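Report on the structure
So you can see what is in the structure, the chains are spelled out below.
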Amino acid sequence: MKTSPSRRAKAGYISTLLVLSTGSILSILTLYAYRAAIAAQAVQAQVQMRVDYSEKEEAILRSIVAIAPNRAIRAMQSGSNVTAVSNPLRWQDIFTESLVLANARTAISGQLITSMGYLNLRTANAGDSALNVPSRIFAAIAPETGYVSAGINRSLGTGYPVPLTTNDATVAARDLTYPIISNAKQYGALAQAGVDLPVATYPNFNLMNYPNINFGYAKPGDKFVAKRNWWAFSVDVADHDDDKTYLARVKRNFVLSIYEIPSQLAISASSFMSLGQFAGGTAWQNVTISGGIFAGKAEVLGNTAINALASRRSMSLSSGTTIGGQSFVNSPFTPGVREAYQVTSGAFFPVSQSSESGRSAFIPINRGAAYFDRFDPVENATESNSLSPTSWNSYSIGANQCAMRLDVTGVESATNNTPTSLRFSYLLANGNRATREMPLKSGILAPLTPDYVFRAYEEHTASGRTGKFDFGSQIVDVAYGYGSKFYFKRAQTGVVTFNNSNFGDPWVSQSKEGYSCPSAPFEIKNLASGQKCVAIYPERFPAFLAMIGAALPGPAPGVAPIVGYPYNNSLVINVDYSTTGLNNAVTYKPRIPCTVSDYGVALKECANLASFTKGFSLVTNLRLYIGDDFNTTIGTPPPGYTPAGTYYPPCSLFAPEKRYGVDVDPFSVVLGGQIGSLASESAATAIRPLDSKNMSGTAMTAANITVNLRPITHPADLPPITMMNWLVILEERRKEFVGY
C-alpha cells in the first residue's frame, strides 16, 4: 500500500492582546448599553410612577370634592360637637377617607380581583403602599402647619382667594380642623379687593366672577352673587414613600371652595322640570326668559328656545328645542359636540351637566316639604351642640329663618276647624323675640296686651254714658271688659258701642271699659268657595309693627341698614300641631298636596311693598291664594345700586301650592322675576313651573298667562328668604399661572 506525503497548511497565529482588547471593548460597550438600558428603565419607571401618582392624586381629589360638602353639612347638624361624631368630620379624616374612596393604596382593588375570577392571583406590582400617615401627603400651605390653611381672618397671599372674616373665635379655630359653613363668616375689609361691591354694605353675599368650569349655572367670568368659603392645602402622594422610591415631586397646591349661591336664575330648582308646554299640552306663549335655567332633571318639549340649560342629572330635548340658538340633532353631550361649538363660535357651550367637570359638584340645598314647616318633629327637630354656630335646620329650612311667625293655635272643635286663636311672634329692635296671643272670637276671655288704649267706659244710660267711640276709617281691634277678663272683636271701623249687647258680658256685675289697638295685619277670612284662610295684608304691617314697638320691616328708603339691627321683613304661617301630636283632631298637620279640608293663606293688600326696603318674604305650608297685585309699586333702590331698570323691593313667596284669586277668579296673570320649586328631582311626574290655577282650581289658559323672567344680578335683589345652592370646586394653584 502506497501513501502520499501529507500536505501542511500555512501556519497562523492568535494575538492574545487583540482578543483581550476586542473582548474588553465589546464588554465595555455591553456594559454601557446595559447601563443605558438600566437608566432608561429607571427613567421610564420614574415617569410611570409619576403618572401613577398623578392618577392617584386625581382620584383622591375627586373623592375630596364628594366627601367635603357632606362633612360640612354634618358639622352643622345637632350633636356634631361630640367627639365620636366630630372625629370623622375633621380634615384629617376627610383626607384619609379620600384615600380609601380613591383606592389609592393598591394598584388593583380586591373587588376587581374577585370580579376577574382568577384563582391564586399574584401581583408583581411592588408599588402598593399603606399610605397610613396622611400628614405626609396633605399639608397646610407653608409656613402654616396642620392639614389645611383656612381662608378666614388673614390673607394667604398672591394667587389665593380673598378671605372671609369672623369675630367668632370658635369658628376661626374650628375652621382649621373642620369644614365650617356659618353665617358668622362674612366679607370684611380683607376681602374688598376680591369682590365687586362694598363689603360694609354686602357682607354676606357679594358680586364676583363665576369660576372657569363647564357647569353653566353662569358663564365662566360672568358676575354672579355668592359667598366663597375656601381652604388651601398641598398634596404629594409620593412623599409618603420617597425614602423607598427616591422619587422627588413638587408638591401641588390646591384650593377647595364651597360657594354658597342663593338661587338667582330666572328658573332654578333641583326638581324634575318639564319646560316648553303647559300641562294640557299647549305650548308656552307670551313667555320671555332672560339668562339660563337650572333643573335637577329636565325635559324640553315642543319648539322651545332657551338661552342656556344646566342640570345635575339628565335632560331630554325635543327635536324642536334650541338652546343658545343651537339645535341638536344628536345629544349635546356627544363627544366632540362641545369642542366643535366652542372652536367655531368662541362662546361658552349653553348646555351643561354638573358631572362634566371632574373636580366640581353642584349641590342644591333642598329640604322639600320641610322647608315650609317649623313644627315637623322629625325633619325640623331642635338642634344643639353643633360644630358650626349655624345649625343645619336654621340654614336649610326657610320657615326657621323668618323674623315674624304667625301660628294657628286653636280651633272650634274636632269637627269644626275654624281657627279661634293665633299666636304672633316678632323681633324687637334689640334682637329679642316677643309674642302676642291673639283671640279671634268675641267670646274668648283673655287679658289685654299692652298696646290696647282706653277709649270709653261701658255704656250706661242711667249715668249718661254712651259707651261709643268713633274710629272713622281706621281699622282697629277692640276689647271690652275689665281686669283680666275681656271679649274681643277684630277689624272694626266707624262707631263702636261698648256694651253687653254688642260684646257679651265678660264679667257680670262688674263695670267694664272699652279699649282698642290698630288692627293686626291678618285675620281669618273665607274665600268665595267657602274655604277658611288666614288672610295677610302686608301693606298694614309697617304701622302695626311701629305701634307694638317691634323692629320695622326695613331701613328708611335710601338709608343704609343699621349694623346689628333686625328687620321684621319675613313671615312664616303655620298650624301649631306640636302640642297635641301629629294628625290630632284639633290642630293637625296640614297635608301636602293641599286639600280643601286644610286652611289656606289669602294674600291681599300687597301691591305696594315700598316700605319693605329690605324686601319681603312669606313662607307657609298651606295653599297660597294671591288675591291682589303683588309688589307692583316701584321702590327706592339702596345706595350704590347699579343695575339698570326699575327697582322693586326683592320679594319671595314659598308655598306648596299657589293659586290666583280670593274673591273672584282672575281672567289673566302676569308673572315676573324668578320661579323655583322644592319638588324632588327623583319624582316620577315633572313639575311645570309656569302652570297657573285660579281660585277654584281651574288651570288658566296659555293665552292668559304672561311671563317675563330674569336672573338676579345684584345682592340687593335677594329677598330675605331664598333657596340656597353649594358649588364645590377644587382648583390647583399653579405658580406659572398665578405667580406666587
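Residues numbered from 1 in each chain as written. Predicted model: local features only at pLDDT ≥ 70, side-chain atom pairs only at ≥ 80, totals over all residues. Heavy atoms only, no water.

1. Remarks on the overall build of the chain
Inclusion rule: The helix count covers DSSP runs of H or I at least four residues long, the strand count covers runs of E at least two residues long, and both are numbered beginning at the N terminus. It is over C-alpha atoms that the radius of gyration is taken, and the globule rule equals 2.2 Å times the number of residues to the power 0.38. Exposure is judged per residue with a 1.4 Å probe applied to protein chains only, and the accessible area is read against the type maximum: over 50% gives exposed, under 20% gives buried, and values in between give partly exposed. Per-residue and other accessible areas were derived by the Shrake-Rupley procedure at a 1.4 Å probe size, with only the shown protein chains allowed to occlude residues. Charged-residue counts in this description rest on Lys and Arg as positive and Asp and Glu as negative, His and the chain ends being excluded. Where a charge lies is defined by one atom per residue type: Lys uses NZ, Arg uses CZ, Asp uses CG and Glu uses CD.
A count of helical and extended segments in the chain gives 12 helices and 35 strands. Whereas a compact globule of 740 residues would reach a radius of gyration of roughly 27 Å, the chain reaches 36 Å, over 25% beyond that. Here the C-alpha coordinates of the chain stretch approximately 185 × 55 × 55 Å along the principal axes. Within the chain, the fraction of its 740 residues that count as buried is 47%. Accessible surface, the chain: about 34500 Å² in total, of which carbon and sulfur atoms supply 54%. Charged side chains of the chain number 60 positive and 51 negative; the gap between the two group centres comes to 9 Å.

2. Observations regarding the sheet that holds strand β21 (residues 485–492)
Where we set the bar: DSSP calls a pair of strands paired once it identifies at least 2 bridges connecting them. Helix axes are fitted only over the stretch in contact, all axes being lines through C-alpha atoms; the angle between N-to-C directions runs from 0 to 180 degrees.
Across the sheet, which stays open at both edges, the 4 strands sit in the order β18-β23-β20-β21 with antiparallel pairing between neighbours. Two strands in the sheet have a free side with no partner beyond their single neighbour: β18 (453–457) and β21. Between one strand and the next, the sheet's axes are offset by a mean angle of 25°, whatever the strand orientation. Pairing of β18 with strand β23 (residues 513–518) involves 4 bridges; the strand directions are antiparallel. Counted as the bridge partner of Val453 is Ser516 from β23.

3. Overview of the packing of aromatic side chains
Inclusion rule: Stacked, tilted and edge-to-face are the three classes applied to pairs of Phe, Tyr and Trp rings, where Trp contributes its six-membered ring and a pair requires centres within 6.5 Å; stacked means planes under 30 degrees apart, edge-to-face means over 60, and tilted covers the rest.
The full count for this structure, using the stated rule, is 39 aromatic pairs. Taking 5.0 Å as the distance between ring centres and 50° as the angle between the ring planes, the aromatic pair formed by Tyr371 and Phe654 counts as tilted. Taken together, the residues Tyr371 in the loop between β14 (360–365) and α8 (392–396) and Phe654 in strand β30 (residues 651–654) connect sequence positions 283 residues apart. Judged by relative accessible area, which is 11%, Phe654 ranks as buried.

4. Here's the deal with the confidence of the model for the chain
The condition is simple: Known as pLDDT, the predictor's per-residue confidence is scaled from 0 to 100. Any two residues having at least one pair of non-hydrogen atoms within 4.5 Å are treated as being in contact.
Considering every residue of the chain, the mean pLDDT works out to 88; 94% of them sit at 70 or more. No element of the chain has a lower mean pLDDT than helix α12 (residues 735–738), at 50, and none a higher one than strand β28 (residues 616–620), at 98. With pLDDT under 50 throughout, residues 581–585 is counted as low confidence; its partners more than four residues away or in other chains account for 9 contacts. pLDDT under 50 marks residues 736–740. Its contacts with residues more than four places away, or in other chains, come to 11 contacts.

5. With respect to the sheet that holds β30
Pairing is mixed across the open sheet formed by 6 strands, whose spatial order is β17-β16-β15-β26-β28-β30. Looking at which strands have only one partner, the edges of the open sheet turn out to be β17 (433–439) and β30. Each neighbouring strand pair of the sheet contributes to a mean axis angle of 15°, computed without reference to strand direction. One ladder, built from 4 bridges, connects β28 with β30; its direction is parallel. Residue pairing across strands places Phe616 opposite Cys651, the latter belonging to β30.

6. A look at helix α3 (residues 91–101)
Cut-off, in case you're wondering: The directions from the helix axis to the C-beta atoms are what the arc is built from.
Inspection of α3 places Trp91, Ile94, Phe95, Ser98 and Leu99 among the buried residues, and these make up the whole buried set. End-on view of α3: buried residues confined to an arc of 145°, all on one side of the axis. The elements touched by buried residues of α3 are α1 (16–74), β1 (138–139), β4 (223–235) and β5 (252–262).

7. Brief notes about empty space enclosed by the protein
A water-sized probe rolled over the atoms picks out the places where empty space is left. Cut-off, in case you're wondering: Note on definitions: the grid is 1 Å and covers protein atoms alone; a cavity is a set of points where a 1.4 Å probe fits but cannot get out; a pocket is an open set with protein on both sides within 12 Å along at least five of seven lines; lining residues have an atom within 4 Å of a point. Grid points are joined across faces, edges and corners, and a volume is the space filled by probe spheres set on the points. Each residue gets one label: Ala, Val, Leu, Ile, Met, Phe, Trp, Tyr, Cys and Pro are nonpolar, Asp, Glu, Lys and Arg are charged, and the others, such as Gly, are polar.
This model, assessed by the stated rule, comprises 2 cavities of 30 Å³ or more. A volume near 70 Å³ is recorded for the largest cavity. Considering the residues around the largest cavity, the lining is formed by 13 residues, among which Ser263, Ser270, Pro364, Met723 and Asn725 are closest to the centre. When residues of the lining of the largest cavity are assigned to their parent elements, the largest contribution, 3 residues, is made by strand β6 (residues 267–275). Here the residues of the lining of the largest cavity are counted per class, giving 7 nonpolar, 6 polar and no charged.

8. Side note on unusual backbone geometry
Of note, the amide linkage connecting Ala142 to Pro143 takes the cis form, showing an omega dihedral of 10°. Tracing the sequence through the fold places Pro143 in the loop between β1 and β2 (149–150). In the segment running from Ile592 into Pro593, the intervening peptide bond is cis, with an omega of 5°. Positive phi, normally seen in glycine, also occurs at Asn153, with a value near 70°. Within the fold, Asn153 resides in the loop between β2 and α5 (169–174). You can call Asn153 partly exposed: its relative accessible area is 33%. At Ala491, a position not held by glycine, the phi torsion is positive, near 55°.

9. Some remarks on the environment of Gly635
The residue Gly635 is located in the loop between β29 (623–626) and β30 in this model. For Gly635, a relative accessible area of 13% corresponds to the buried category. A C-alpha to C-alpha distance of 29 Å links Gly635 and Gln285, two positions 350 residues apart in sequence. Not counting residues within four places of it along the chain, the set of residues in contact with Gly635 comprises Ala610, Tyr647, Tyr648 and Pro649.

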